[in-house]
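Topology and contacts: notes
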Amino acid sequence: MKSVKTSKFAAFTSNRRSALAMIAGLAVAGASWAQGAFPDRPIRVVVPFGAGSSPDVISRVWGEQLSKAVGQPVVIDNKPGAATIIGTQAVLAAPADGYTLLYTVSNTTSINPYIYKSLPYKAEDLMPVSRILSVPLVMVVSANSPIKSVQQLVQAGKDKPGKMNYASYGIGISTHVAMARFLSSAGISMTHVPYKDGGLIDVMNGNVDVSFEPSTTAMGQLKAGKLRALGVSSLKSVAALPGVPPIADVYPGFVGDSWHGILAAKGTPAAAINKIAGISQQIIDSEEFRKRLTDLGLVPAGGSIREFQAFLAEDAKAWAKVVKDYDIKAE
């Protein structure tokens, strides 16, 4: 009888020790987060655009610096399509542990929720981490076009109502929405021609009259003399595009900039978000990174997580109004 009691006591003691060990292990794990052990393996960054695109180019520059800072590989995973929806879904399908991040643009949170009737995610499913930069859009025409200014473009539109056309990266993409806003401000109409690749070649060849193009991809063709810049969508001129006036000089208050930023799935540990945000700010503040951006006509951003959150709210509010006013819809 005594041996049975002893056996039960030994089992109880063993179980108690196991439980205490598990609790201690959890405490150590929690402490490791607090001490900055994250990350201890590669970080995957989903970019919802193809290779060579503006977000792809900059995400790789940012990712290289992040990798150096954390001592772990940063893998860029291109998942283009459906106005950033495919890439966003991929991030939300992964564990919310900080090891899968989304490097995206304004469409994801500021435009898609208002143009799609059935969107497989909500803006609230994503958490702000860091706003990397602002992307001025450049209004461009073929270098052989007779149009040499925003005013001349508007006059041509009035002279040929409904007969001119413009290219974009697709229905509801920022280049489409920004042009819709411009046409409304100017009081003219043009036919929208959506392209998967933005249609820049057709603009250069004169098959399409005009388009808004991100500064990163416009710069090379402008320098090569294949395009002419009429104006930029930012409120101020862009250092890399001297002599190209803001469209707001003609239509006060007009703005059509996009942005690049890092988002994470809701529920991602604060320790992970804070660490990525802090390192991102250091990257943005570095002279090397800022020069790379300004050379491409981009504007470094940065700021706290709370500031990014406030920015997202205001950005969504502004574009929601544009979408509603111009009745932009996508299936």
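Located above this text is the structure these notes cover.
Now for a description of the structure that goes with this document. Being a predicted model, the structure only gives us computed values, none of them experimental.

A few words on the overall build of the chain. Check the secondary structure of the chain and you find 11 helices and 11 strands. For the chain, with 331 residues in total, the buried portion stands at 49%. Of all intrachain contacts in the chain linking residues separated by at least 6 positions in sequence, the fraction that spans at least 24 positions is 79%. Summed over all atoms, the accessible surface of the chain reaches about 15,900 Å², with 55% contributed by carbon and sulfur.

A separate point is the sheet that holds strand 4 (residues 126–135). In space, the 6 strands of this open sheet follow the order 2-1-3-10-4-11, with mixed pairing throughout. At either margin of the open sheet sits one strand with a lone partner, and together these are strand 2 (74–78) and strand 11 (299–300). Here 2 bridges tie strand 4 to strand 11, and the two strands are oriented antiparallel to one another. In the sheet register, Leu 133 faces strand 11, and the bridge partner there is Pro 300. Sheet strands touched by helix 4 (residues 107–115): strand 3 (100–105), strand 4 and strand 10 (258–265). Its angle to strand 3, the strand with the most contacts, is close to 70 degrees. Contacts between helix 9 (residues 270–285) and the sheet are confined to strand 1 (43–47), strand 3, strand 4, strand 10 and strand 11, with strand 4 contributing the most and set at about 10 degrees to the helix.

Below, the discussion takes up the pairing of strand 2. Sheet topology places strand 1 next to strand 2; 5 bridges connect them, and they run parallel. Bridged to Ile 43 within strand 2 is Val 74. The handedness of the strand 1 to strand 2 crossover, carried by helix 2 (residues 54–70), is right-handed.

Okay, the packing of helix 4 against helix 11 (residues 305–325) next. Interhelical geometry of helix 4 versus helix 11 gives an angle of 35 degrees and a closest axis separation of 8 Å. In the crossing of helix 4 with helix 11, the sense of the turn from one axis to the other is right-handed. Only Leu 312, Asp 315, Ala 316, Trp 319, Ala 320 and Val 323 of helix 11 make contact with helix 4, whose side of the interface consists of Thr 109, Ser 110, Ile 111, Tyr 114 and Ile 115.

Cut-off values and rules
- Residues numbered from 1 in each chain as written.
- Predicted model: local features only at pLDDT ≥ 70, side-chain atom pairs only at ≥ 80, totals over all residues.
- Heavy atoms only, no water.
- Helix = DSSP H or I, 4+ residues; strand = E, 2+ residues; numbered from the N terminus.
- Buried < 20%, exposed > 50% of the residue type's maximum accessible area, 1.4 Å probe, protein only.
- Contact = heavy atoms within 4.5 Å.
- Areas by Shrake-Rupley, 256 points an atom, 1.4 Å probe, with all protein chains shown as cover.
- Pairing = 2+ DSSP bridges.
- Axes fitted to C-alpha atoms, helices over the stretch in contact; angles between N-to-C directions.
- Right-handed = clockwise from strand over helix to strand, strands pointing away.
- Left-handed = near helix turned anticlockwise from the far one by under 90°.

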